[in-house]
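Descriptive structure summary
Residues per chain are reported as follows:
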Amino acid sequence: MTTADGRAHALPVDSAPPGPPQAPGILAACDGSDGALWALDRAMSEAERYDLPLYLLGVVDPAPGGYPPGMAELVQESVERLSGSMADGLRRALRTVEQARGRPFDGPVSLHVVLGQVVEVLLAASVGQHTLVVGARGNGGFTRLLLGSVSTAAVHHAACPVLVVPAPPAAHR
């Protein structure tokens, strides 16, 4: 939630995924891509419509290719910087979408930055949620594909209903 005094900067970021004992809500995956912003806008609308909390989840994969033996300690500082950057990105995404909507989100919101493999974290976080909202494509390659790998995995394996948000028609031009 953003206010005129910039309260979005003060929103705390949880390092655990949303889930019990938190109430079921709308889980929005956010990687900073345009698709994630469009999905966040829709997630806000769904949360307001059903009077549910909004959980905004960013995932940082600390070892996308794995580490050679003994390297984990050396990259810890980079992982911390990536997590901080993701937290800032979630706050910016929230502000950006609220500004585009012309009003702040009208409900409880929490931000979560979790370390792990994106699909695994997202699927685990979907347990007990009302709806998982993802963009059709995120920051990965192969933009010619209709659905990205994360949204495809979510559709097939999430523990709750999944809403895949395509780009708005104006973005296709």
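Refer to the structure presented above.
Quick look at the structure, then. Since this is a predicted model, take the numbers as computed values, not measurements.

Within the secondary structure, Asp 51 is located in the loop between α1 (34-50) and β3 (54-60). Here Asp 51 falls in the exposed class, since its relative accessible area comes to 71%. Between the C-alpha atom of Asp 51 and that of Ile 26, which follows or precedes it by 25 residues, the distance is 9.8 Å.

All right, on to the pairing of β3 then. Counted residue by residue, β3 has seven buried out of seven residues, so it is predominantly covered. A two-sided burial pattern is seen for β3, the buried positions comprising Leu 54, Leu 56, Gly 58 and Val 60 on one face and Tyr 55, Leu 57 and Val 59 on the other. With four bridges joining them, strand β2 (residues 26-29) and β3 adopt parallel strand pairing. Bridging across to β3, Ile 26 finds its partner in Leu 54. For the crossover from β2 across α1 to β3, the handedness is right-handed. Across seven bridges, β3 lies against strand β4 (residues 109-115) in parallel orientation. Opposite Gly 58, over in β4, you have Val 113 as the bridge partner.

This brings us to the pattern of salt bridges. One pass over the full model with this rule turns up five salt bridges. One salt bridge in this structure joins Glu 48 and Arg 103, with 3.0 Å as the shortest N-O distance. Here Arg 103 lies in the loop between α2 (72-101) and β4 and Glu 48 lies in helix α1, a separation of 55 residues in the sequence. A relative accessible area of 38% means that Arg 103 is categorised as partly exposed.

What counts, and where the lines are drawn
- Residues numbered from 1 in each chain as written.
- Predicted model: local features only at pLDDT ≥ 70, side-chain atom pairs only at ≥ 80, totals over all residues.
- Heavy atoms only, no water.
- Helix = DSSP H or I, 4+ residues; strand = E, 2+ residues; numbered from the N terminus.
- Buried < 20%, exposed > 50% of the residue type's maximum accessible area, 1.4 Å probe, protein only.
- Pairing = 2+ DSSP bridges.
- Right-handed = clockwise from strand over helix to strand, strands pointing away.
- Salt bridge = Lys/Arg side-chain N within 4 Å of Asp/Glu carboxyl O.

Any functional reading would require information beyond the geometric quantities listed.
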